[in-house]
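# Structural description and commentary
Below are the chains, spelled out letter by letter.
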Amino acid sequence: QVQLVESGGGLVQPGGSLRLSCAASGSIFEIYAMNWYRQAPGKQRELVATITRGDSTNYADSVKGRFTISRDNAKNMAYLQMNSLKPEDTAVYCCNAIVRTTSSITSRIYWGQGTQVTVSS
């Protein structure tokens, strides 16, 4: 099995920064894409950023130029650096990863439980 654990959320003032981390552990053979999603109250879940194993990235238009996704393959970690935060960035942020485990020849998606980010003065 594989576990994903997010950390780094909290309360920050508008214009501030936060760095989220996503740690993957378990019977990991290889991690392919890693993604950050967010869901605000009353809204649909939104894909925020994606990074492939080869470090190709994509971002939602709403965060381009403010957020940066990165990963450390040796540590099975993904990060989301969030700058110039706005109140509308308030949401629960979750990471997911497409993982092949040591006991499988196929891959599947695993999810973390999320971390709350609140942007407010």
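Quick summary incoming for the structure in this document. (Residues numbered from 1 in each chain as written. Predicted model: local features only at pLDDT ≥ 70, side-chain atom pairs only at ≥ 80, totals over all residues. Heavy atoms only, no water.)

Looking now at the side chain of aspartate 89. Turning to its location among the elements, aspartate 89 is positioned in the loop between strand E8 (77-82) and strand E9 (91-101). Polar side-chain contacts of aspartate 89 include one of 2.7 Å to the side chain of arginine 66. (Helix = DSSP H or I, 4+ residues; strand = E, 2+ residues; numbered from the N terminus. Polar contact = N/O pair within 3.5 Å; in protein donor to acceptor, adjacent residues only side chain to side chain.)

The backbone phi angle of asparagine 76 is positive, close to 55°, even though this residue is not glycine. With respect to the element layout, asparagine 76 can be found in the loop between strand E7 (67-72) and E8. For serine 84, which is not a glycine, the phi torsion comes out positive at approximately 50°. Of note, serine 84 is situated in the loop between E8 and E9.

A word on the pattern of salt bridges. Throughout the structure, instances matching the rule amount to five salt bridges. A salt bridge links aspartate 89 to arginine 38, with the shortest nitrogen-to-oxygen separation between them at 2.9 Å. Here arginine 38 lies in strand E4 (residues 28-39) and aspartate 89 lies in the loop between E8 and E9, a separation of 51 residues in the sequence. Accessibility assignment for this pair places aspartate 89 and arginine 38 in one class, buried. The closest approach of N and O atoms between arginine 66 and aspartate 89, which form a salt bridge, is 2.7 Å. Of this pair, arginine 66 sits in the loop between strand E6 (57-59) and E7 while aspartate 89 sits in the loop between E8 and E9; the two residues are 23 residues apart in sequence, bridging distant segments of the chain. Here the two residues arginine 66 and aspartate 89 agree in accessibility, since each one is buried. Residues participating in the shared-partner salt-bridge network are Arg38, Glu46, Arg66 and Asp89. (Salt bridge = Lys/Arg side-chain N within 4 Å of Asp/Glu carboxyl O. Buried < 20%, exposed > 50% of the residue type's maximum accessible area, 1.4 Å probe, protein only.)

A few words now on the state of the cysteines. Here the structure, examined in full by the defined rule, presents one disulfide. Through a disulfide, cysteine 22 is tied to cysteine 95; the S-S separation comes to 1.9 Å. Measuring handedness by torsion sign, the sulfur bridge of cysteine 22 and cysteine 95 sits at about 60° and is right-handed. With cysteine 22 in strand E3 (residues 18-26) and cysteine 95 in strand E9, this pair connects stretches of sequence that are 73 residues apart. The cysteine cysteine 94 is free of any disulfide, with cysteine 95 supplying the nearest cysteine sulfur at 7.5 Å. On the basis of relative accessibility, which here comes to 15%, the residue cysteine 94 falls in the buried class. (Disulfide = S-S within 2.5 Å.)

Glancing now at the pairing of strand E5 (residues 46-51). The pairing of E4 with E5 spans five bridges and is antiparallel. Looking across to E5, one finds that tyrosine 37 is bridged to leucine 47. With three bridges joining them, E5 and E6 adopt antiparallel strand pairing. Within E6, the position partnered with isoleucine 51 by the bridge is threonine 57. If you look at the hairpin formed by E5 and E6, you'll find five residues sitting between the two strands, and aspartate 55 has a positive phi there, around 75°. (Pairing = 2+ DSSP bridges.)

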